[in-house]
Amino acid sequence: MLAKAPVLEFSSTDDIYLVIDGTYFPNDICLVVYRNYHLKLTQLYRMTDGEHFEEIAEDLQNLLNLGIKIKSITSDGDKSSIKAIKKVCPKVPFQRCLVHISRMCRIWLTANPKHKSGFELKQIAVKIHHINTEYKRQLWLMELMQWEETYRDYINEKSYNFETGRYWYTHKMLRRSFMVIKKALPNMFLYLKDEKIPNSTNSLESFFGHLKGNLNVHRGLSLKNRKNFLKWYLYYKNQISG
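Residues numbered from 1 in each chain as written. Predicted model: local features only at pLDDT ≥ 70, side-chain atom pairs only at ≥ 80, totals over all residues. Heavy atoms only, no water.

Asker: Just checking my understanding: could you explain the overall build of the protein chain for this structure?
Answerer: Across its full length, the protein chain holds 8 helices and 7 strands. Principal axes of the C-alpha set define a box for the protein chain whose edges measure 60 × 45 × 30 Å. For the protein chain, the proportion of its 242 residues judged to be buried stands at 45%. In the protein chain, 60% of the contacts between residues at least 6 apart in sequence involve partners at least 24 apart. With an accessible surface of roughly 13700 Å², the protein chain has 51% of that area assigned to carbon and sulfur atoms. Seen as two clouds, the 37 positive and the 24 negative side-chain charges of the protein chain have centres 2 Å apart. (Helix = DSSP H or I, 4+ residues; strand = E, 2+ residues; numbered from the N terminus. Buried < 20%, exposed > 50% of the residue type's maximum accessible area, 1.4 Å probe, protein only. Contact = heavy atoms within 4.5 Å. Areas by Shrake-Rupley, 256 points an atom, 1.4 Å probe, with all protein chains shown as cover. Lys, Arg positive; Asp, Glu negative; His and termini not counted. Charge placed at Lys NZ, Arg CZ, Asp CG, Glu CD.)

Given below as C-alpha cells:
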C-alpha cells in the first residue's frame with residue numbers, strides 16, 4: 001500500500017467552517033491541513049517544507065474555485081497564513097486561535113514573572129479562551145485596558161547600547177505578549193456572533209497528535225513511505241468521518 005499514495009476523496013458542504021493548521025515531522029516534512037470543522041473532514045492538504053504564503057494562498061484559491069463557500073477560517077498567528085487569508089478571503093470572518101494566543105503569552109511570561117505587570121498580564125491571558133459571552137468579553141477588555149494604562153510607560157521603556165548605538169525594549173517578552181493580544185483583538189471574538197465558528201485549532205492539534213502517535217510506530221519507514229503513510233492516514237480518516 002505504501003508504494004502508491006491514494007487520492008483524497010473530496011467532500012464538501014455548502015457552508016464550511018474551515019480550520020487551518022500545520023505540523024512538522026522529521027526530514028523537514030510540513031503537513032498543512034484544511035479541515036471542515038463540523039464534519040471533521042480534511043478538505044485539502046499540502047505536504048511541503050514549511051508554512052508559506054504563496055502555497056497557502058494557492059490552496060485557499062483552489063478551495064474557492066471548487067465552489068466551496070467558506071463561512072469562516074480559524075487559524076493561529078502564523079504570519080504567512082494571516083497574509084494569505086487577507087489576500088484570498090478578505091471578506092471571510094477570520095478567527096484567531098485563542099488557545100494559541102494564551103499559550104504563547106504564558107510561555108513568554110514564564111511560570112513565575114519577576115514583575116507585577118507580568119503576573120497580572122499572565123492572569124489576563126489565562127482567561128482568554130474561557131470567554132463565552134459578550135458580557136465576559138467586555139469585562140476582560142476593561143481589565144486589559146486598565147493593565148495597559150497602568151503599565152504603558154513600563155512596557156515602552158528602552159535600553160541603549162553605547163557601543164553599537166542601538167535601542168531595544170527593556171521588557172521585550174512582556175511587551176511582546178501584550179502586543180500579540182492587542183494586534184489580535186479584531187479577530188479574537190468573532191465566535192460570539194456566530195456560535196458555529198470554532199475559536200481554536202485544538203481539533204486539528206488533537207488530530208495531529210493521533211497521527212504522530214501512529215506514525216511513530218513505524219519509525220523505520222523511508223522518506224517516500226513516510227509521506228505516503230501520511231496520505232493514507234488522511235484518506236482513511238475521511239472515509240471514517242464521512
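Asker: Please clarify how the nonpolar core should be interpreted in this entry.
Answerer: What tends to happen in soluble globular proteins is that the nonpolar side chains get buried as a cluster. Counting 26 residues, the largest nonpolar core has Leu121, Ile128, Trp140, Trp147, Ile181 and Met188 as the members making the most contacts within it. Looking at this core, the elements with two or more residues in it are helix H3 (98-109), helix H4 (116-126), helix H5 (134-155) and helix H6 (172-184). Ranked by residues supplied to this core, first place goes to H5 with 7 residues. Among residues more than four places away in sequence, those in contact with Trp147 are Ser117, Glu120, Leu121, Ile124, Ile155, Leu174 and Phe178. Core analysis: the second largest hydrophobic core is formed by 21 residues, Ile16, Ile56, Leu60 and Ile73 among them. (Core = buried A, V, L, I, M, F, W, Y, C linked by side-chain atoms within 4.5 Å.)

Asker: Honestly, helix H7 (residues 202-216) in this entry has me stumped. Any pointers?
Answerer: Side chains three or four residues apart in an α-helix point the same way, a direct result of the helix having 3.6 residues per turn. For H7, built from 15 residues, the straight-helix expectation of 21 Å at 1.5 Å per residue is met to within 8% by its first-to-last C-alpha distance of 21 Å. Every buried residue of H7 is accounted for by Leu204, Phe207, Phe208, Leu211 and Leu215. Down the axis of H7, the smallest arc covering the buried residues is 100°, so these residues share one side. (Expected span 1.5 Å × (residues − 1). Arc of directions from axis to C-beta.)

Asker: So what exactly am I meant to see when it comes to the pattern of salt bridges here?
Answerer: Overall, the coordinates contain 9 salt bridges when judged by the stated rule. Linking Glu55 and Arg46 is a salt bridge whose minimum nitrogen-to-oxygen distance equals 4.0 Å. Grouping residues by exposure puts Glu55 and Arg46 together as buried. Across the pair Glu143 and Lys127 runs a salt bridge, and its minimum N-O distance is 2.9 Å. Separated by 16 residues along the polypeptide, Glu143 in helix H5 and Lys127 in the loop between H4 and H5 bring together distant segments of the chain. Residues participating in the shared-partner salt-bridge network are Arg46, Glu55, Glu58 and Asp59. (Salt bridge = Lys/Arg side-chain N within 4 Å of Asp/Glu carboxyl O.)

Asker: Would you take a moment to explain the packing of H4 against H6 for this structure?
Answerer: Relative placement of two packed helices is described by the angle separating their axes and the distance separating the axes. Between H4 and H6, the shortest axis-to-axis distance is 10 Å and the interhelical angle comes to 30°. It follows that H4 is roughly parallel to H6 by the angle criterion. Seen from above, H4 lies across H6 with left-handed handedness. Here Ser117, Gly118 and Leu121 of H4 lie close against H6, whose contacting residues are Leu174, Ser177, Phe178 and Ile181. Taken together, the residues of the contact of H4 with H6 break down into 4 nonpolar, 3 polar and no charged. (Axes fitted to C-alpha atoms, helices over the stretch in contact; angles between N-to-C directions. Parallel < 35°, antiparallel > 145°, perpendicular 65-115°, else oblique. Left-handed = near helix turned anticlockwise from the far one by under 90°. Nonpolar A, V, L, I, M, F, W, Y, C, P; charged D, E, K, R; others polar.)

Asker: I would appreciate a short explanation of the sheet that holds strand E1 (residues 15-25) in the present structure.
Answerer: Neighbouring strands of a sheet are bound in pairs by backbone hydrogen bonds; such pairs are parallel or else antiparallel. In spatial order, the strands read E3-E2-E1-E4-E5; together these 5 strands make up an open sheet with mixed pairing. Because the sheet does not close on itself, it has two edges, and the strands there are strand E3 (41-48) and strand E5 (94-96). When strand polarity is set aside, the average angle formed by the axes of neighbouring strands in this sheet is 20°. Pairing geometry for E1 and strand E2 (residues 29-36), over 8 bridges, is antiparallel. (Pairing = 2+ DSSP bridges.)

Asker: Looking at this structure, how should I read the environment of Arg106?
Answerer: The topology assignment puts Arg106 in helix H3. Exposure remark for Arg106: the relative accessible area of 32% places this residue in the partly exposed category. Setting aside its immediate chain neighbours within four residues, Arg106 contacts Lys122 and Val126.

The analysis is restricted to geometry; functional conclusions fall outside its scope.
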